[in-house]
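The primary structure of each chain is shown beneath.
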Amino acid sequence: VAILAADEIPVHCWWLPQAQPEDAPTVIYFHANAGNLGTRMIIILDLQRICKCNVLAVEYRGFGDSTDSPSETGLIADAEAAFNWATGSAVGNVPSPKLSMERIALFGQSLGGAVAIGLTRKLAAAGKAPGALVLENTFLSTRSMAGQVFL
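Residues numbered from 1 in each chain as written. Predicted model: local features only at pLDDT ≥ 70, side-chain atom pairs only at ≥ 80, totals over all residues. Heavy atoms only, no water.

## Structural notes on the pattern of salt bridges
Condition: A side-chain nitrogen of Lys or Arg and a carboxyl oxygen of Asp or Glu constitute a salt bridge if their distance falls within 4 Å. Helix and strand assignments follow DSSP, with helices taken as H or I runs no shorter than four residues and strands as E runs no shorter than two, numbered in order from the N terminus.
Within the structure shown, the criterion is met by three salt bridges. The partner of Arg61 in a salt bridge is Asp78, with the nearest N and O atoms 2.6 Å apart. Of this pair, Arg61 sits in the loop between strand S4 (54-59) and helix H2 (72-87) while Asp78 is found in helix H2, placing the two residues 17 residues apart along the sequence. The salt bridge involving Glu80 is made with Lys122; its shortest N-O contact spans 2.8 Å. Of this pair, Glu80 sits in helix H2 while Lys122 is found in helix H3 (residues 111-125), placing the two residues 42 residues apart along the sequence.

Put into structure tokens, the structure is as follows:
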């Protein structure tokens, strides 16, 4: 699906639903910096087939089939657009499944973890927190990561 972010940048996502999407938990998946959704196919399919979750895998701007350039603000906008699409609160986008936010888990790997944390913080401030936040190999802060990379 192509979901429009608030700044009207299209965000390419993969939607892999269960037969009855409203009856299954949903994972919104945010990948790491290196690669794209194609390089994460195994984990995406495992979540859908083995864990029996709906999966909405987000391809941020500047990655894969999404356009524009990545930025912290842009990545959070992409993540929020995906969440809004999944919960049916997106305006002007393709039809969405209108899932319960309490049954949505945000799952981020590395860079995707920072995106998931940023989205969770923004949603919680608006009283719309997801049901779960799952982080894998996520750095503690931009400052600590910069220290590892550049020192």
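## Section: H3
In plain terms, the rule: Between the first and last residue of a helix there are one fewer steps than residues, each counted as 1.5 Å, and that sum is the expected span. Under the scheme applied here, a residue whose accessible area is under 20% of the maximum for its type counts as buried, over 50% as exposed, and between as partly exposed, the area being computed with a 1.4 Å probe on protein chains only. Residue contacts are defined here by distance: any two heavy atoms, one from each residue, within 4.5 Å place the two residues in contact.
Spanning 15 residues, H3 covers 22 Å between terminal C-alpha atoms, matching the ideal 21 Å at 1.5 Å per step. Within H3, burial applies to Leu111, Gly112, Gly113, Val115, Ala116, Leu119, Thr120 and Leu123. At its buried positions, H3 is contacted by strand S3 (26-30), H2, strand S5 (104-109) and strand S6 (132-136). One or two positions beyond H3, positive phi appears at Gly127, with a value near 75°.

## Points about the pairing of S6
Threshold: Any two strands between which DSSP finds at least two bridges are classified as paired. Viewed with both strands pointing away, a crossover whose connecting path from the first strand over the helix to the second turns clockwise is right-handed.
Across five bridges, S5 lies against S6 in parallel orientation. Residue pairing in the sheet places Leu106 in a bridge with Leu133 of S6. Handedness of the S5-H3-S6 crossover: right-handed.

## Considering unusual backbone geometry
Phi angles above zero are rare outside glycine, and Lys98 is one such case at about 55°. For Lys98, the location among the structural elements is in the loop between H2 and S5. Judged by its relative accessible area of 60%, Lys98 is exposed.

## Some points on the packing of aromatic side chains
For clarity, the threshold we go by: When the centres of two rings from Phe, Tyr and Trp lie within 6.5 Å, Trp using its six-membered ring, the rings pair. Their planes under 30 degrees apart give stacked, over 60 give edge-to-face, and anything left gives tilted.
Scanning the entire structure with this criterion turns up two aromatic pairs. A centroid spacing of 5.4 Å and a plane angle of 80° characterise the contact between Trp15 and Trp85, whose relative ring orientation is edge-to-face. One end of the pair, Trp15, is in strand S2 (residues 10-16); the other, Trp85, is in helix H2, with 70 residues separating them in the sequence. Residue Trp85 is classed as buried on the basis of its relative accessible area, which comes to 2%. Measuring from centroid to centroid gives 5.5 Å for Tyr29 and Phe107, while their planes differ by 65°, and the two rings are edge-to-face.

## Here we look at the sheet that holds S3
Inclusion rule: The angle between two axes is taken between their N-to-C directions and runs from 0 to 180 degrees, where each axis is a line fitted to C-alpha atoms and a helix contributes only its stretch in contact.
In space, the six strands of this open sheet follow the order S1-S2-S4-S3-S5-S6, with mixed pairing throughout. This sheet does not close on itself; its edge strands, each paired only once, are strand S1 (2-4) and S6. Neighbour to neighbour, the strand axes of the sheet diverge by 25° on average, direction disregarded. As paired strands, S1 and S2 are joined by three bridges and run antiparallel to one another. Within the sheet, the bridge partner assigned to Ile3 lies in S2 and is Val11. Sitting on the sheet, helix H1 (residues 41-49) touches S2, S3, S4, S5 and S6, and the angle it makes with S2 is about 50°.

Interpretation in functional terms is not warranted from these geometric data alone.
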